[in-house]
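# Structural description and commentary
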Amino acid sequence: MAYDATGRLHEIFDEQQVSEKFRKREFVLEVQDGQYPEHIKFQLVQDKTALIDSFKVGDEVKVTFNLRGRGFNKNGQMLYFTNLEAWRIEAGTGGGAPAGGGYNQQAAPRAAAPAQNQNPNLRAAPAAPIAGDDDNDLPF
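Residues numbered from 1 in each chain as written. Predicted model: local features only at pLDDT ≥ 70, side-chain atom pairs only at ≥ 80, totals over all residues. Heavy atoms only, no water.

### Considerations on the pairing of strand S1 (residues 2–12)
Within a regular strand, side chains alternate between the sheet's two faces. We apply this condition: The rule for pairing is simple: two strands pair if DSSP sees at least two bridges between them. Think of it this way: any DSSP run of H or I at least four residues long counts as a helix, any run of E at least two long counts as a strand, and we number them from the N terminus.
Where S1 lies against strand S5 (residues 60–74), 7 bridges are found, and the strand directions are antiparallel. Counterpart to Arg-8 in the pairing with S5 is Glu-60. Where S1 and strand S3 (residues 22–33) come together, 4 bridges link them in antiparallel fashion. Across the sheet, the residue bridging to Arg-8 is Glu-30, located in S3.

And the structure:
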């Protein structure tokens, strides 16, 4: 599922070559959430690392990202981590988030309504259709 966040660029880090086949670049977005700002770190990976090049610290931007999570076994203990993987960065409008922010999800109806996000600068975008089990090569 894709999400959007609108805020000011707080910090931009250098590209990191993590391994021979993987590179990433991180940046921090300052999002206003009530009285105190939130500093949210995103990452750009592979060919997307250059997306941030045309922006500078202090610019208002809209970031479209996916929520990614992974688990791995380290010394017999299962550890988990989460990344916010950005894949689009656009110049912000200067007026904050678009009207009608909040949580939106296109899925099968549920008995209970999804929780509403109270932060208008952080919202979910409509989900892309999910391929059936026969359409992918994932091992799980």
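### Remarks on the packing of aromatic side chains
Note the following rule: Whether two aromatic rings pair depends on their centres lying within 6.5 Å, for rings of Phe, Tyr and Trp, where Trp uses its six-membered ring; planes under 30 degrees apart make the pair stacked, over 60 edge-to-face, and the rest tilted. Accessible area is worked out with a 1.4 Å probe on protein chains only. A residue is then buried under 20% of its type maximum, exposed over 50%, and partly exposed in between.
Within this structure, the stated rule accounts for 4 aromatic pairs. With a centroid separation of 5.0 Å and 70° between ring planes, the pair formed by Phe-42 and Phe-65 is classed as edge-to-face. Here Phe-42 is found in strand S4 (residues 36–45), whereas its partner Phe-65 is found in strand S5, with 23 residues between them in sequence. No difference in accessibility class separates Phe-42 from Phe-65, as the two residues are buried.

### Some thoughts on the confidence of the model for the chain
Put simply, the rule is: How sure the predictor is of each residue is captured by pLDDT, a score from 0 to 100. By the convention used here, residues are in contact when the closest approach between their heavy atoms is within 4.5 Å.
When pLDDT is averaged across the chain, the result is 76; 66% of the residues are at 70 or more. Per-residue pLDDT, averaged within each element of the chain, yields its smallest value for strand S7 (residues 122–124) (59) and its largest for S4 (93). In this model residues 95–115 is a low-confidence stretch, pLDDT under 50, and it forms 25 contacts with partners more than four residues away in sequence or in other chains.

### Remarks on the pairing of S5
Bridge count between S5 and strand S6 (residues 77–91): 14 bridges; the pairing is antiparallel. Considered in S6, the bridge of Gly-71 is made with Tyr-80. Hairpin connection, S5 to S6: the antiparallel pair is bridged by 2 residues, and Asn-75 has positive phi, about 55°.

### What about unusual backbone geometry?
In the Ramachandran plot, Gln-46 falls in the positive-phi region, its phi being about 50° despite a non-glycine side chain. By the element assignment, Gln-46 lies in the loop between S4 and S5. On the basis of relative accessible area, Gln-46 is assigned to the partly exposed category, the value being 30%. At Asn-75, a position not held by glycine, the phi torsion is positive, near 55°. Following the sequence through the fold, Asn-75 ends up in the loop between S5 and S6. Accessibility expressed as a relative area gives 77% for Asn-75, which makes it exposed.

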